[in-house]
Amino acid sequence: MNDPLRMKRNKLLDGTILGALFDLDGVLVDTAKYHYLAWKRLAEELGFCFTEADNERLKGVSRLRSLEILLEVGHRSMNGEEKAAAAEKKNAWYVEYLSTLDTGALLPGSREYLEQLRLGGIKTALGSASKNAPLILERLGITPLFDAVIDGNLVSRAKPDPEVFLLGAEKLALPPGSCVVFEDSAAGIEAARAGGMRAIGVGRPENLPGAELYINSLQDLL
Ligand code: B16
Ligand code: MG
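First, a word on what this report is: a plain description of the structure on this page. Because the structure is predicted, anything quoted here is derived from the model rather than measured. (Residues numbered from 1 in each chain as written. Chains lettered and ligands numbered in written order. Predicted model: local features only at pLDDT ≥ 70, side-chain atom pairs only at ≥ 80, totals over all residues. Heavy atoms only, no water.)

With respect to helix H5 (residues 80–98)
Helix length check: H5 (19 residues) gives 27 Å between terminal C-alpha atoms against 27 Å at 1.5 Å per residue, within 8%. Taken together, the buried residues of H5 touch helix H2 (32–46), helix H4 (63–73) and helix H7 (133–140). Of the residues flanking the start of H5, the one acting as N-cap is Asn 79, its side-chain oxygen 3.1 Å from the backbone nitrogen of Glu 81. (Helix = DSSP H or I, 4+ residues; strand = E, 2+ residues; numbered from the N terminus. Expected span 1.5 Å × (residues − 1). Contact = heavy atoms within 4.5 Å. Polar contact = N/O pair within 3.5 Å; in protein donor to acceptor, adjacent residues only side chain to side chain.)

A short note on the pairing of strand E4 (residues 179–183)
With respect to burial, E4 is a largely interior element, 5 of its 5 residues being buried. A two-sided burial pattern is seen for E4, the buried positions comprising Cys 179, Val 181 and Glu 183 on one face and Val 180 and Phe 182 on the other. Pairing geometry for E4 and strand E5 (residues 198–202), over 4 bridges, is parallel. Within E5, the position partnered with Phe 182 by the bridge is Ile 200. One crossover worth recording links E4 to the parallel E5 by way of helix H9 (residues 186–194), and it is right-handed. (Buried < 20%, exposed > 50% of the residue type's maximum accessible area, 1.4 Å probe, protein only. Pairing = 2+ DSSP bridges. Right-handed = clockwise from strand over helix to strand, strands pointing away.)

A few points about the side chain of Asn 91
Relative to the helices and strands, Asn 91 resides in helix H5. Of the residues examined, Asn 91 reaches a relative accessible area of 15% and is grouped as buried. Engagement of the side chain of Asn 91 in a polar contact is seen with the side chain of Asn 132, the distance being 2.9 Å.

Concerning the nonpolar core
Among the nonpolar cores identified, the biggest contains 51 residues, and Phe 22, Leu 28, Phe 146, Phe 182 and Leu 218 are the most heavily contacted of them. Three or more residues apiece are contributed to this core by two domains, here domain 1 (3–30 + 105–221) and domain 2 (32–98). When neighbours within four sequence positions are excluded, Phe 182 is seen to be in contact with Leu 12, Ala 20, Leu 21, Phe 22, Asp 23, Val 27, Tyr 113, Ile 200, Ile 215, Leu 218 and Leu 221. If you look at the next biggest cluster of nonpolar residues, it comprises 19 residues, including Leu 21, Ala 148, Ala 169 and Val 181. (Core = buried A, V, L, I, M, F, W, Y, C linked by side-chain atoms within 4.5 Å. Domains from an automatic or database assignment.)

Quick notes on H2
Taking 1.5 Å per residue as the helical rise, H2 with its 15 residues ought to reach 21 Å, and the 21 Å between its terminal C-alpha atoms agrees with that figure. Looking only at H2, the buried set comprises Ala 32, Tyr 34, His 35, Tyr 36, Ala 38, Trp 39, Leu 42 and Ala 43. Residues of H2 that are buried in the fold lie against helix H3 (52–56), H4 and H5. Looking one or two places after H2, you find Gly 47, whose phi comes out positive at around 90 degrees.

Considerations on the packing of aromatic side chains
Per the counting criterion, the structure on display carries 4 aromatic pairs. Between the aromatic rings of Phe 22 and Phe 182, the centroid separation amounts to 4.8 Å while the plane-to-plane angle is 5 degrees, which identifies the pairing as stacked. Note that Phe 22 is positioned in strand E1 (residues 19–22) and Phe 182 in strand E4, a separation of 160 residues in sequence. When its relative accessible area of 0% is taken as the criterion, Phe 182 is described as buried. With 6.3 Å between their ring centres and 35 degrees between their planes, Tyr 36 and Phe 50 make a pair best called tilted. You can see Tyr 36 sitting in helix H2 and its partner Phe 50 sitting in the loop between H2 and H3, a full 14 residues away along the chain. (Phe/Tyr/Trp six-rings, centres within 6.5 Å; stacked < 30°, edge-to-face > 60°.)

Here we look at the pattern of salt bridges
Per the stated rule, a full pass over the model turns up 15 salt bridges. The salt bridge partner of Asp 23 is Lys 159, with a shortest N-O separation of 2.9 Å. Of this pair, Asp 23 sits in the loop between E1 and H2 while Lys 159 sits in the loop between strand E3 (148–150) and helix H8 (163–171), placing them 136 residues apart in sequence. You'll find Asp 23 and Lys 159 in the same group, each marked buried. For the salt bridge of Glu 68 with Arg 65, the shortest nitrogen-to-oxygen distance reads 3.4 Å. Pair noted here: Glu 68 and Arg 65 are both in helix H4, with a separation of 3 residues, about one helical turn. One salt-bridge network, in which partners are shared between bridges, spans Arg 57, Arg 65, Glu 68, Glu 72 and Lys 83. (Salt bridge = Lys/Arg side-chain N within 4 Å of Asp/Glu carboxyl O.)

All we've got here are geometric facts, nothing functional implied.
So this is what it looks like as structure tokens:
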């Protein structure tokens, strides 16, 4: 059958790929809604509205940069100390919301695709900006499906810098050129390419320039 996605999937796992690196939020799990609830609560406390559309700008962005975008939206400013306190407050709320997180938050096909890759001998790593990534993986019961976990605690340069993915490839003991990255943010696709890796966009081509293949979710690759 002439199924273009199936043909691309076969081309993707053509034997040259030895490692797969996954972004977390937006690829494996939908935590954006919890981030949104916590940022909205902070905005309300500061006396302005923060919409879901505004929240789109925070996806894949570091915690501190997210706060700066939120302050831009509300036309507010803070000094460094105030920013640190506000980011900590938001994180405490976010972690509180995560306590309700369960396997239902996994995006379609996440667990199955990770399992399938590992059965096929492909190593897996997480490459996320989130400092809460280990907690989220634990809550979802998918920690054992990763050979390496690189998160916001281990990197100093945010995507589109390739640091997070290069470190992932290094931890997997693989050359970057033998790795593929799954990402839902434009900065993440750019980071993968800058690191010399193949890049698969989870989302629409117009939002994720530079990927070699676009999928709605990992379910498409099963
Ligand atoms: P935290 P990803 C990112 O995760 C989120 O998309 C982004 O909204 C968040 O600000 C960032 O992690 C930092 O998260 O506050 O938990 O350290 O897409 O890189 O997996
Ligand atoms: Mg993401």
